[in-house]
Amino acid sequence: MAYETGVVSSAADLAAVISTFAQNNGWTANGDVLSKGQTFIRLTSPNTSEVRIEGARNGNFVSPDLSVRHSRIYNTSWPATATYHIVAFANPDTVWCTINFNVTTHQHIGFGTIEKYGSWDGGGWFHAQHTPASSDGNVCSVIDGSQQPYYSSSAKECGLFWSPSMRDSWNGSYQQNAASNLHCELRGYVWEPPTGTTAIGVHCPTILSPIHKYNPNVFNGQTVLTPFQLFLQNTDGHYMSIGHVGHLRFVKLTNYNPGDVIELGIDRWKLFPWHIKDPNYPDGKQVAYSNGSFSTGLLGVAVYYDGP
(Lines give C-alpha, C1' and ligand atoms only; values in the text may rest on other atoms or scores of the structure.)
Protein backbone atom coordinates (compact mmCIF):
# COMPACT_ATOMS: atom_id res chain seq x y z
CA MET A 1 0.00 0.00 0.00
CA ALA A 2 0.97 3.69 -0.24
CA TYR A 3 0.16 6.56 2.11
CA GLU A 4 0.48 10.31 1.73
CA THR A 5 -0.60 13.33 3.73
CA GLY A 6 -0.51 17.05 2.98
CA VAL A 7 -2.62 20.18 2.76
CA VAL A 8 -5.10 21.37 0.11
CA SER A 9 -6.76 24.76 -0.14
CA SER A 10 -9.48 24.20 -2.76
CA ALA A 11 -11.73 21.60 -4.35
CA ALA A 12 -9.55 21.67 -7.46
CA ASP A 13 -6.47 21.01 -5.30
CA LEU A 14 -8.08 17.94 -3.78
CA ALA A 15 -9.19 16.52 -7.12
CA ALA A 16 -5.66 17.00 -8.48
CA VAL A 17 -4.06 15.36 -5.44
CA ILE A 18 -6.29 12.30 -5.69
CA SER A 19 -5.74 11.96 -9.44
CA THR A 20 -1.96 12.26 -9.19
CA PHE A 21 -1.77 9.86 -6.26
CA ALA A 22 -3.91 7.28 -8.06
CA GLN A 23 -1.73 7.52 -11.17
CA ASN A 24 1.38 7.04 -9.03
CA ASN A 25 -0.18 3.85 -7.73
CA GLY A 26 -1.17 2.03 -10.89
CA TRP A 27 -4.26 3.87 -12.17
CA THR A 28 -4.32 5.20 -15.72
CA ALA A 29 -5.58 8.72 -16.47
CA ASN A 30 -7.36 9.79 -19.65
CA GLY A 31 -8.39 13.37 -19.07
CA ASP A 32 -10.57 13.34 -15.93
CA VAL A 33 -11.09 9.56 -16.09
CA LEU A 34 -9.08 7.19 -13.91
CA SER A 35 -9.13 3.49 -14.72
CA LYS A 36 -7.66 0.25 -13.49
CA GLY A 37 -8.81 -3.12 -14.74
CA GLN A 38 -12.54 -2.87 -15.48
CA THR A 39 -13.17 0.06 -13.12
CA PHE A 40 -13.57 3.55 -14.62
CA ILE A 41 -13.96 6.63 -12.42
CA ARG A 42 -14.41 10.26 -13.46
CA LEU A 43 -13.10 12.79 -10.94
CA THR A 44 -13.80 16.49 -11.51
CA SER A 45 -14.12 19.81 -9.73
CA PRO A 46 -17.03 21.43 -11.61
CA ASN A 47 -17.04 24.50 -9.34
CA THR A 48 -15.19 25.98 -6.37
CA SER A 49 -17.41 24.13 -3.89
CA GLU A 50 -17.35 20.60 -5.27
CA VAL A 51 -15.25 17.53 -5.95
CA ARG A 52 -17.47 15.18 -7.95
CA ILE A 53 -16.99 11.46 -8.56
CA GLU A 54 -18.81 9.27 -11.08
CA GLY A 55 -18.45 5.80 -12.55
CA ALA A 56 -19.23 4.20 -15.89
CA ARG A 57 -19.31 0.70 -17.32
CA ASN A 58 -16.44 0.18 -19.79
CA GLY A 59 -15.51 3.87 -19.49
CA ASN A 60 -18.61 4.88 -21.48
CA PHE A 61 -19.83 7.99 -19.65
CA VAL A 62 -23.32 8.13 -21.16
CA SER A 63 -26.58 6.39 -20.22
CA PRO A 64 -27.14 3.54 -19.53
CA ASP A 65 -23.48 2.88 -18.70
CA LEU A 66 -22.99 6.06 -16.67
CA SER A 67 -23.71 5.70 -12.96
CA VAL A 68 -27.27 6.73 -12.18
CA ARG A 69 -26.07 9.27 -9.61
CA HIS A 70 -22.81 10.91 -8.67
CA SER A 71 -21.29 11.42 -5.24
CA ARG A 72 -19.35 14.44 -4.10
CA ILE A 73 -17.64 16.44 -1.42
CA TYR A 74 -19.52 19.73 -1.46
CA ASN A 75 -18.56 22.61 0.82
CA THR A 76 -20.35 25.85 -0.02
CA SER A 77 -17.33 27.72 1.33
CA TRP A 78 -14.29 25.54 0.81
CA PRO A 79 -11.96 25.51 3.84
CA ALA A 80 -8.88 27.72 3.51
CA THR A 81 -6.76 24.69 4.43
CA ALA A 82 -7.62 21.04 4.86
CA THR A 83 -5.26 18.20 5.76
CA TYR A 84 -5.66 15.14 3.58
CA HIS A 85 -4.79 11.51 4.28
CA ILE A 86 -4.81 9.32 1.18
CA VAL A 87 -4.03 5.63 0.70
CA ALA A 88 -3.92 3.24 -2.24
CA PHE A 89 -4.04 -0.55 -2.25
CA ALA A 90 -4.13 -3.49 -4.65
CA ASN A 91 -5.98 -6.81 -4.35
CA PRO A 92 -8.60 -5.40 -4.40
CA ASP A 93 -7.80 -2.01 -5.91
CA THR A 94 -8.80 0.76 -3.51
CA VAL A 95 -8.09 4.48 -3.22
CA TRP A 96 -9.39 6.30 -0.12
CA CYS A 97 -8.96 9.91 0.94
CA THR A 98 -10.04 11.65 4.14
CA ILE A 99 -9.81 15.39 4.66
CA ASN A 100 -9.84 17.11 8.05
CA PHE A 101 -10.47 20.81 8.66
CA ASN A 102 -11.77 23.13 11.37
CA VAL A 103 -10.11 20.71 13.83
CA THR A 104 -13.05 18.31 14.16
CA THR A 105 -14.64 18.01 10.69
CA HIS A 106 -13.90 15.01 8.47
CA GLN A 107 -15.02 14.19 4.94
CA HIS A 108 -14.26 11.17 2.77
CA ILE A 109 -14.01 10.12 -0.86
CA GLY A 110 -12.92 6.80 -2.33
CA PHE A 111 -13.20 4.34 -5.19
CA GLY A 112 -11.98 0.98 -6.40
CA THR A 113 -13.13 -2.58 -7.06
CA ILE A 114 -14.75 -4.75 -4.42
CA GLU A 115 -13.58 -8.29 -3.66
CA LYS A 116 -16.34 -10.12 -5.51
CA TYR A 117 -17.91 -13.40 -4.43
CA GLY A 118 -18.70 -15.45 -7.49
CA SER A 119 -18.55 -14.41 -11.13
CA TRP A 120 -20.69 -11.48 -12.28
CA ASP A 121 -20.32 -8.33 -14.34
CA GLY A 122 -19.12 -5.29 -12.43
CA GLY A 123 -17.35 -4.68 -9.16
CA GLY A 124 -16.31 -1.04 -9.51
CA TRP A 125 -17.49 1.26 -6.69
CA PHE A 126 -17.20 4.88 -5.61
CA HIS A 127 -18.18 6.88 -2.53
CA ALA A 128 -18.02 10.42 -1.23
CA GLN A 129 -19.28 12.40 1.74
CA HIS A 130 -22.32 13.84 0.01
CA THR A 131 -25.08 12.58 -2.23
CA PRO A 132 -26.30 14.85 -5.06
CA ALA A 133 -28.85 16.17 -2.52
CA SER A 134 -26.58 16.92 0.46
CA SER A 135 -23.76 19.33 1.22
CA ASP A 136 -21.68 20.87 4.01
CA GLY A 137 -22.56 19.32 7.38
CA ASN A 138 -26.02 18.08 6.37
CA VAL A 139 -25.07 14.41 6.88
CA CYS A 140 -25.74 11.68 9.41
CA SER A 141 -25.54 7.94 9.99
CA VAL A 142 -27.02 5.47 12.49
CA ILE A 143 -25.64 2.24 13.87
CA ASP A 144 -28.38 0.01 12.44
CA GLY A 145 -28.26 1.45 8.93
CA SER A 146 -31.61 2.04 7.20
CA GLN A 147 -31.12 5.79 7.69
CA GLN A 148 -33.73 7.80 5.86
CA PRO A 149 -34.34 11.56 5.70
CA TYR A 150 -37.49 12.78 7.40
CA TYR A 151 -38.05 15.55 4.86
CA SER A 152 -36.40 16.05 1.49
CA SER A 153 -34.16 18.68 3.11
CA SER A 154 -33.12 16.45 6.03
CA ALA A 155 -29.59 15.15 6.54
CA LYS A 156 -28.51 12.38 4.16
CA GLU A 157 -26.46 9.24 4.74
CA CYS A 158 -22.67 9.64 4.52
CA GLY A 159 -21.45 6.18 5.60
CA LEU A 160 -19.90 3.75 3.14
CA PHE A 161 -22.62 1.41 1.80
CA TRP A 162 -24.46 1.85 5.11
CA SER A 163 -27.84 0.44 3.98
CA PRO A 164 -29.45 3.82 3.22
CA SER A 165 -33.17 3.94 2.61
CA MET A 166 -33.93 5.74 -0.65
CA ARG A 167 -37.11 7.45 0.59
CA ASP A 168 -38.06 10.03 3.19
CA SER A 169 -40.12 8.98 6.17
CA TRP A 170 -42.67 11.79 5.90
CA ASN A 171 -44.42 10.78 2.68
CA GLY A 172 -42.26 7.97 1.28
CA SER A 173 -41.04 9.88 -1.77
CA TYR A 174 -37.75 8.93 -3.44
CA GLN A 175 -34.61 10.55 -2.04
CA GLN A 176 -31.02 10.81 -3.27
CA ASN A 177 -29.78 9.19 -0.06
CA ALA A 178 -26.97 6.90 -1.29
CA ALA A 179 -23.40 8.21 -0.98
CA SER A 180 -22.00 4.89 -2.30
CA ASN A 181 -22.56 3.33 -5.73
CA LEU A 182 -21.64 -0.07 -7.16
CA HIS A 183 -21.41 -1.39 -10.72
CA CYS A 184 -23.30 -4.66 -10.34
CA GLU A 185 -25.39 -6.34 -13.05
CA LEU A 186 -26.82 -9.17 -10.97
CA ARG A 187 -30.40 -7.84 -10.83
CA GLY A 188 -30.78 -6.31 -14.28
CA TYR A 189 -29.40 -2.90 -13.36
CA VAL A 190 -25.99 -1.50 -14.31
CA TRP A 191 -25.53 0.43 -11.03
CA GLU A 192 -26.75 -0.29 -7.52
CA PRO A 193 -28.68 1.14 -5.86
CA PRO A 194 -30.91 1.86 -8.85
CA THR A 195 -32.47 5.27 -9.26
CA GLY A 196 -36.14 5.75 -8.44
CA THR A 197 -36.52 2.85 -6.02
CA THR A 198 -37.70 3.69 -2.51
CA ALA A 199 -36.15 0.58 -0.92
CA ILE A 200 -32.68 -0.10 0.42
CA GLY A 201 -30.49 -0.89 -2.57
CA VAL A 202 -27.23 -2.31 -1.24
CA HIS A 203 -27.38 -3.85 2.23
CA CYS A 204 -24.55 -3.94 4.76
CA PRO A 205 -25.41 -3.36 8.48
CA THR A 206 -29.01 -4.43 7.92
CA ILE A 207 -27.69 -7.96 7.29
CA LEU A 208 -24.57 -7.94 9.50
CA SER A 209 -26.49 -6.75 12.56
CA PRO A 210 -25.87 -7.19 15.43
CA ILE A 211 -22.20 -8.19 14.95
CA HIS A 212 -20.93 -4.64 14.32
CA LYS A 213 -22.89 -3.26 17.30
CA TYR A 214 -20.83 -5.07 19.95
CA ASN A 215 -18.47 -2.16 20.44
CA PRO A 216 -16.43 -1.55 22.43
CA ASN A 217 -15.26 -5.04 23.33
CA VAL A 218 -16.43 -5.65 26.91
CA PHE A 219 -13.30 -7.72 27.62
CA ASN A 220 -10.73 -4.96 27.11
CA GLY A 221 -12.61 -1.87 25.90
CA GLN A 222 -11.09 -2.05 22.42
CA THR A 223 -13.02 -1.73 19.20
CA VAL A 224 -14.08 -4.51 16.86
CA LEU A 225 -13.41 -3.70 13.20
CA THR A 226 -16.16 -4.91 10.89
CA PRO A 227 -15.68 -5.46 7.13
CA PHE A 228 -18.08 -3.74 4.74
CA GLN A 229 -19.78 -6.92 3.50
CA LEU A 230 -22.31 -6.14 0.77
CA PHE A 231 -25.64 -7.88 0.06
CA LEU A 232 -28.49 -7.57 -2.45
CA GLN A 233 -32.05 -8.76 -2.08
CA ASN A 234 -32.74 -11.25 -4.85
CA THR A 235 -36.01 -11.57 -6.75
CA ASP A 236 -36.98 -14.52 -4.51
CA GLY A 237 -36.80 -12.28 -1.44
CA HIS A 238 -33.61 -13.81 -0.08
CA TYR A 239 -30.35 -11.91 0.38
CA MET A 240 -27.23 -12.78 -1.56
CA SER A 241 -23.71 -11.95 -0.44
CA ILE A 242 -21.88 -10.31 -3.35
CA GLY A 243 -18.50 -9.22 -1.93
CA HIS A 244 -16.72 -6.80 0.37
CA VAL A 245 -14.85 -3.51 0.15
CA GLY A 246 -11.13 -4.07 0.65
CA HIS A 247 -8.80 -2.45 3.18
CA LEU A 248 -11.54 -0.50 4.99
CA ARG A 249 -13.52 -1.42 8.11
CA PHE A 250 -16.39 0.02 10.10
CA VAL A 251 -15.30 1.34 13.51
CA LYS A 252 -16.97 2.81 16.56
CA LEU A 253 -14.73 5.43 18.16
CA THR A 254 -15.91 4.95 21.75
CA ASN A 255 -12.45 4.93 23.31
CA TYR A 256 -10.50 6.49 20.44
CA ASN A 257 -9.83 9.90 18.97
CA PRO A 258 -9.89 10.82 15.26
CA GLY A 259 -6.54 9.99 13.71
CA ASP A 260 -5.60 7.35 16.26
CA VAL A 261 -3.73 4.32 14.94
CA ILE A 262 -4.46 0.91 16.46
CA GLU A 263 -2.47 -2.29 16.05
CA LEU A 264 -4.13 -5.67 15.65
CA GLY A 265 -1.37 -8.24 15.35
CA ILE A 266 0.84 -7.08 12.49
CA ASP A 267 -1.86 -4.83 11.03
CA ARG A 268 -2.25 -1.12 11.73
CA TRP A 269 -5.45 0.87 11.20
CA LYS A 270 -6.01 4.63 11.19
CA LEU A 271 -9.40 5.74 12.55
CA PHE A 272 -11.67 8.56 11.40
CA PRO A 273 -15.28 9.55 12.21
CA TRP A 274 -17.75 9.78 9.35
CA HIS A 275 -18.10 13.50 10.05
CA ILE A 276 -17.56 14.84 13.59
CA LYS A 277 -17.01 12.61 16.60
CA ASP A 278 -20.07 13.17 18.80
CA PRO A 279 -20.37 11.27 22.11
CA ASN A 280 -23.78 12.86 22.72
CA TYR A 281 -25.28 10.44 20.18
CA PRO A 282 -22.91 7.45 20.29
CA ASP A 283 -25.01 5.41 17.84
CA GLY A 284 -25.63 8.36 15.51
CA LYS A 285 -28.95 10.12 14.99
CA GLN A 286 -31.28 10.97 12.15
CA VAL A 287 -33.91 13.69 12.02
CA ALA A 288 -37.26 12.83 13.60
CA TYR A 289 -40.58 14.66 13.65
CA SER A 290 -40.11 15.82 17.25
CA ASN A 291 -36.33 16.31 17.13
CA GLY A 292 -34.47 17.92 14.26
CA SER A 293 -30.95 17.12 15.50
CA PHE A 294 -28.73 14.72 13.56
CA SER A 295 -25.24 13.26 13.90
CA THR A 296 -22.83 10.51 12.87
CA GLY A 297 -22.13 9.89 16.56
CA LEU A 298 -19.09 7.71 17.20
CA LEU A 299 -19.44 5.87 13.88
CA GLY A 300 -16.61 5.92 11.38
CA VAL A 301 -14.07 4.14 9.22
CA ALA A 302 -10.80 2.34 9.92
CA VAL A 303 -8.28 2.55 7.07
CA TYR A 304 -5.48 0.01 6.69
CA TYR A 305 -2.30 1.96 7.30
CA ASP A 306 1.48 1.83 7.04
CA GLY A 307 2.27 5.53 7.55
CA PRO A 308 4.32 7.03 10.38
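The rules we used
- Residues numbered from 1 in each chain as written.
- Predicted model: local features only at pLDDT ≥ 70, side-chain atom pairs only at ≥ 80, totals over all residues.
- Heavy atoms only, no water.
- Helix = DSSP H or I, 4+ residues; strand = E, 2+ residues; numbered from the N terminus.
- Buried < 20%, exposed > 50% of the residue type's maximum accessible area, 1.4 Å probe, protein only.
- Polar contact = N/O pair within 3.5 Å; in protein donor to acceptor, adjacent residues only side chain to side chain.
- Phe/Tyr/Trp six-rings, centres within 6.5 Å; stacked < 30°, edge-to-face > 60°.
- Lys NZ or Arg CZ within 6 Å of the ring centre and 35° of its normal.
- Pairing = 2+ DSSP bridges.
- Salt bridge = Lys/Arg side-chain N within 4 Å of Asp/Glu carboxyl O.

1. Points about the environment of Trp 96
Position of Trp 96 relative to the elements: it lies in strand S8 (residues 94–101). What makes Trp 96 buried here is its relative accessible area of 0%. For Trp 96 and Pro 308, which are 212 residues apart along the polypeptide, the C-alpha to C-alpha distance reads 17 Å. Looking at Trp 96, its side chain comes within polar contact range of the side chain of Thr 98, at 3.3 Å.

2. Considerations on the packing of aromatic side chains
All told, the structure shown has twelve aromatic pairs when counted by the stated rule. A centroid spacing of 6.3 Å and a plane angle of 45° characterise the contact between Phe 89 and Tyr 304, whose relative ring orientation is tilted. Here Phe 89 is found in strand S7 (residues 82–89), whereas its partner Tyr 304 is found in strand S20 (residues 299–304), with 215 residues between them in sequence. Residue classification places Tyr 304 among the partly exposed residues on the basis of a relative accessible area of 25%. Each residue in the set Tyr 150, Tyr 151, Trp 170 and Tyr 289 is aromatic and connected to the rest through ring pairs, giving one cluster. The ring of Trp 120 has Lys 116 sitting right over it, with the charged end atom 4.8 Å from the ring centre. Residue placement shows Lys 270 over the ring face of Tyr 305; its charged tip is 5.0 Å from the ring centre.

3. What about the pairing of strand S5 (residues 50–55)?
The buried fraction of S5 amounts to five of the six residues, a majority that puts the element mostly inside the structure. Inspection of the sheet shows strand S4 (residues 39–47) paired to S5 by five bridges, in the antiparallel sense. Each residue of the ladder has a partner; that of Ile 41, found in S5, is Gly 55. Connecting S4 to the antiparallel partner S5 that follows it, the hairpin turn spans two residues. As paired elements, S5 and strand S6 (residues 71–74) share four bridges and run antiparallel to each other.

4. Quick word on the pattern of salt bridges
Under the criterion given, the structure shown has ten salt bridges. The closest approach of N and O atoms between Asp 93 and Lys 36, which form a salt bridge, is 2.9 Å. Taken as a pair, Asp 93 in the loop between S7 and S8 and Lys 36 in strand S3 (residues 33–36) lie far apart in primary sequence, 57 residues in all. Asp 93 gets classed as buried once you look at its relative accessible area, which sits at 16%. Bridged by salt links that share partners, the residues Glu 50, Arg 52 and Arg 72 form one connected network.

5. Considering the sheet that holds strand S15 (residues 191–192)
Judged by pairing direction, the sheet is antiparallel, and its seven strands sit side by side in the order S1-S7-S8-S9-S11-S14-S15 without closing on themselves. The outermost strands of the open sheet, each flanked by one partner alone, are strand S1 (2–8) and S15. Sheet topology places strand S9 (residues 105–113) next to strand S11 (residues 122–128); five bridges connect them, and they run antiparallel. Within S11, the residue paired with Phe 111 across the bridge is Phe 126.

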